[in-house]
Amino acid sequence: MLDQLTVTGLSSLLARGETSSREITQTFLQRIEQIEPLIHAFISWDAADALRQADHADKLRATGASQADKPLLGIPIALKDIIAVRGHPLTCGSRILANFVSPYDSTVAEKLKTAGAVLFGRLNLDEFAMGSSTENSAFGPTRNPWALDRVPGGSSGGAAAAVAAGECPAALGSDTGGSIRQPAAFCGVVGLKPTYGRVSRYGLVAYASSLDQIGPITATVTDAALLLEVISGYDPRDSTSVQEPVPRYLDALREDVKGIRIGLPREYMTGILHPEVRKAIVNAMTVLEQLGAHLVEVSLPHTEYAIATYYLIAPAEASSNLARYDGVRYGLRVDGPDPVAMYSATRGAGFGPEVKRRIMLGTYALSSGYYEAYYLRAQKVRTLIRQDFLRAFELVDAMLTPVSPTPPFMLGEKSGNPLDMYLSDIFTLSCNLAGICGISVPCGFTTAPRLPIGIQFLGRPFGEETILRIAYAYEQATSWHKERPIVPCVGPDISQPGIPGTKLA
Ligand code: GLN
């Protein structure tokens, strides 16, 4: 079955001439038609456009193009609907952009196109990437392919669910406080958040600009390395991207982990950890030790302040970034008797409750008289959190932690209690505050029901090779990544492919 293959697997079939990009693309489109009514990983897709791109890739191959110069030639890749692709919808999971079509390509889209990928499908997300369950999408929630009554995680829940369910071989998500790694863990796939500045944010709609980063969600570590190599690099259009050479990430996978020092942050194995998650993490430690890694306890003393710090800085930046949705230049406009009434009616109707909550929190934290007490103080604590990591990285090459304190939770279980939802980000958001890199890989399942569990490896700034190497060694020593969920086929699809904004919940 083509839809069960990885990017690397599909590429070798293509290289041997055993299949075509058209055949591959058609297979994934069929799979989408069959299971999307249950999963709802996509907000929209355009089958005709995807097949056009696939035919173009096949033509290029026929005229001599190869994997060597175009590493993703003919491979379908789906993008979270917050990353711009010219001519494709760009809703950000929000009513306010329900009918917006991107007039330009993000840098990552440009790089994927240059690498020969077929860009199809817009993946569901929490509105403007604010959330941990994909329940905050204006287009309705995505369901976890392993258990349809569970959330896939968030905010890149559509991306993780689509890869897990075989609706696309790989995807790009964005991660501001865990949005790639936590859904990857919840869906039993691999998710990598690169170092801040590694991948250009040009064309990623801004949520919290000092934390946002684009990264791959894939079925294997090898695919993650391949995609990271394609999308990384300095970009003059993103002033925060860093002029650091892009290594051959695939080469990093060849080295073993003998003698590598892996830190176990004392503060992360706390009482809030679900017993089955704890067990899976402890088992993974044993596997790594058997592979020759040295596990060392380290301390990240400011961990307890991470959630408070993040939930001040991220909303503050969001309140500023989202000021641009005012009904004037693009997106939804709800008319009013004067401009102020128009702004207010537009934003009132266009934003969902979580986005409004963040805008209010952020505006409050930035307002005069409170700025020093909240925003400025949070920035200082952010520095302390970063120093915690840099100090620990003087002792170890990487760190090992859980991704989420619990396995995937039920739809609706936390949506009524924002604080409960925020607490589920405890192990992921420090990585963004510190600007370092992290990867989540499958490390087991709960027993009843059988739900995926993920493990996280954190690396130094620009230490992606090290965490990929550890993740790969662990993956090769285990078989969790080989398991796929069984999703019943219920197609034909009831939605309207390619037409955004028609399925507002
Ligand atoms: N759950 C976190 C939030 O709601 C992180 C989201 C993200 O990484 N985009 O902000």
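Residues numbered from 1 in each chain as written. Predicted model: local features only at pLDDT ≥ 70, side-chain atom pairs only at ≥ 80, totals over all residues. Heavy atoms only, no water.

Student: Any chance you could explain the nonpolar core here in plain terms?
Tutor: In a soluble, globular protein the nonpolar side chains are often hidden away together inside. Counting residues in hydrophobic clusters, the biggest one holds 151 residues, and the most contacted among them are Leu72, Ile77, Leu112, Phe128, Phe389, Phe457 and Leu468. In contact with Leu468, other than residues within four places in its own chain, are Leu192, Val221, Ala224, Ala225, Leu228, Tyr249, Leu253 and Ile439. (Core = buried A, V, L, I, M, F, W, Y, C linked by side-chain atoms within 4.5 Å. Buried < 20%, exposed > 50% of the residue type's maximum accessible area, 1.4 Å probe, protein only. Contact = heavy atoms within 4.5 Å.)

Student: Can you help me understand the site of the ligand in this one?
Tutor: Looking at the ligand, there are 15 residues lining it, with Thr176, Gly177, Ser179, Tyr207 and Tyr310 nearest. Within the backbone of Gly177, a nitrogen or oxygen atom sits 2.6 Å from an oxygen atom of the ligand. Tyr311 is positioned with one of its side-chain polar atoms (N or O) 3.4 Å from an oxygen atom of the ligand. In the complex, 100% of the free accessible area of the ligand, which totals 290 Å², lies under the protein chains. (Near = heavy atom within 4 Å. Polar contact = N/O pair within 3.5 Å; in protein donor to acceptor, adjacent residues only side chain to side chain. Areas by Shrake-Rupley, 256 points an atom, 1.4 Å probe, with all protein chains shown as cover.)

Student: Whenever I open this one, the pattern of salt bridges confuses me. Can you help?
Tutor: Side chains that carry opposite charge are capable of pairing whenever their charged atoms lie near each other. Counted according to the given criterion, the structure contains 21 salt bridges. Taking the shortest distance from any N to any O, the salt bridge between Arg22 and Asp55 comes out at 2.8 Å. Here the residue Arg22 occupies a position in helix H2 (residues 21–39), and Asp55 occupies one in helix H3 (residues 47–62), the gap between them amounting to 33 residues. In this structure Asp55 comes out as partly exposed when scored by relative accessible area, which is 28%. The shortest N-O distance in the salt bridge between Asp335 and Arg333 comes to 4.0 Å. For Asp335, a relative accessible area of 61% corresponds to the exposed category. Accessibility expressed as a relative area gives 45% for Arg333, which makes it partly exposed. Sharing partners across several salt bridges, the network here consists of Glu229, Arg248, Asp251 and Arg254. (Salt bridge = Lys/Arg side-chain N within 4 Å of Asp/Glu carboxyl O. Helix = DSSP H or I, 4+ residues; strand = E, 2+ residues; numbered from the N terminus.)

Student: What should I look at first to understand the sheet that holds strand S7 (residues 261–265) in this one?
Tutor: Two strands in a sheet stick together by hydrogen bonds in their backbones, pointing the same way (parallel) or opposite ways (antiparallel). A sheet is described by the order of its strands in space; here eleven strands give the open sequence S1-S3-S2-S4-S6-S5-S10-S11-S9-S7-S8, paired in mixed fashion. Either end of the sheet is taken by a strand with one partner, and the two such strands are strand S1 (42–44) and strand S8 (294–298). Ignoring strand direction, the axes of neighbouring strands in this sheet form an average angle of 35°. Sheet topology note: the S1/strand S3 (residues 118–123) ladder contains two bridges and is antiparallel. Its bridge partner being in S3, Phe42 is matched across the sheet by Leu123. (Pairing = 2+ DSSP bridges. Axes fitted to C-alpha atoms, helices over the stretch in contact; angles between N-to-C directions.)

Geometric descriptors of this kind do not, in isolation, establish any biological role.
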